[in-house]
Amino acid sequence: MSTTEKATFAAGCFWGIQAAFDRVEGVISSEVGFMGGHSGRADYRQVCTTDTGHAEVVHLTFDSSVVTYQELVDLFWKIHDPTQVDRQGPDV
């Protein structure tokens, strides 16, 4: 039985995080965007070059009968270093 669920993960840069999640069996789709912040409709350039307060996020749709939320969280902590502000992986 297929069970579709959603989860959103915030990181310093969404490209590497999205690529890692896209390789996980059971992840149906991923979308990148921004969350939080104090700017009404921030775009990528604004978030990267000004202080909008937004976080870059990856929103996932996944089949929890194939991959669990906990497995996705475990992967996130393997690929995300919360001590590195506004950069991850290849951005360091």
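None of these values were measured; they are calculated from a predicted model. (Residues numbered from 1 in each chain as written. Predicted model: local features only at pLDDT ≥ 70, side-chain atom pairs only at ≥ 80, totals over all residues. Heavy atoms only, no water.)

Caption draft 1: Molecular detail of a nonpolar patch on the surface. A cluster of nonpolar residues, Trp15, Val32 and Tyr44, forms a patch on the protein surface that exposes about 280 Å² of accessible area. Mapped onto the elements, tryptophan 15 comes out in helix α1 (residues 14-22). On the basis of relative accessibility, which here comes to 44%, the residue tryptophan 15 falls in the partly exposed class. (Patch = residues over 30% accessible without salt bridge, like charges linked within 9 Å, V, L, I, M, F, W, Y side chains within 5 Å. Areas by Shrake-Rupley, 256 points an atom, 1.4 Å probe, with all protein chains shown as cover. Salt bridge = Lys/Arg side-chain N within 4 Å of Asp/Glu carboxyl O. Helix = DSSP H or I, 4+ residues; strand = E, 2+ residues; numbered from the N terminus. Buried < 20%, exposed > 50% of the residue type's maximum accessible area, 1.4 Å probe, protein only.)

Caption draft 2: Fine view of helix α3 (residues 69-79). Within α3, burial applies to Leu72, Val73 and Phe76. Looking straight down α3, one finds its buried side chains confined to an arc of 100 degrees; they lie on one side. Tucked inside the fold, the buried residues of α3 contact β1 (4-11), α1, β2 (27-36) and β3 (54-63). (Arc of directions from axis to C-beta. Contact = heavy atoms within 4.5 Å.)

Caption draft 3: Summary view of α1. Those residues of α1 lying buried are Phe14, Ile17, Gln18, Ala20 and Phe21. For α1, the arc enclosing every buried residue in end-on projection is 165 degrees, short of the 170-degree limit, so these residues lie on one face. The inward-facing, buried residues of α1 abut β1, β2, α2 (44-49), β3 and α3.

Caption draft 4: Representation of the sheet that holds β3 in the model. Across the sheet, three strands lie side by side as β1-β3-β2; this open sheet has antiparallel pairing. Strands at the two margins of the open sheet, each flanked by one partner only, are β1 and β2. With direction set aside, neighbouring strand axes in the sheet form an average angle of 25 degrees. The pairing of β1 with β3 spans eight bridges and is antiparallel. Each bridged residue has a counterpart across the sheet, and for threonine 8 the counterpart in β3 is histidine 59. The strands touched by α1 within the sheet are β1, β2 and β3, with β2 carrying the most contacts at an inclination of about 160 degrees. Set on the sheet, α3 makes contact with β1, β2 and β3; between it and β1 the angle comes to about 15 degrees. (Pairing = 2+ DSSP bridges. Axes fitted to C-alpha atoms, helices over the stretch in contact; angles between N-to-C directions.)

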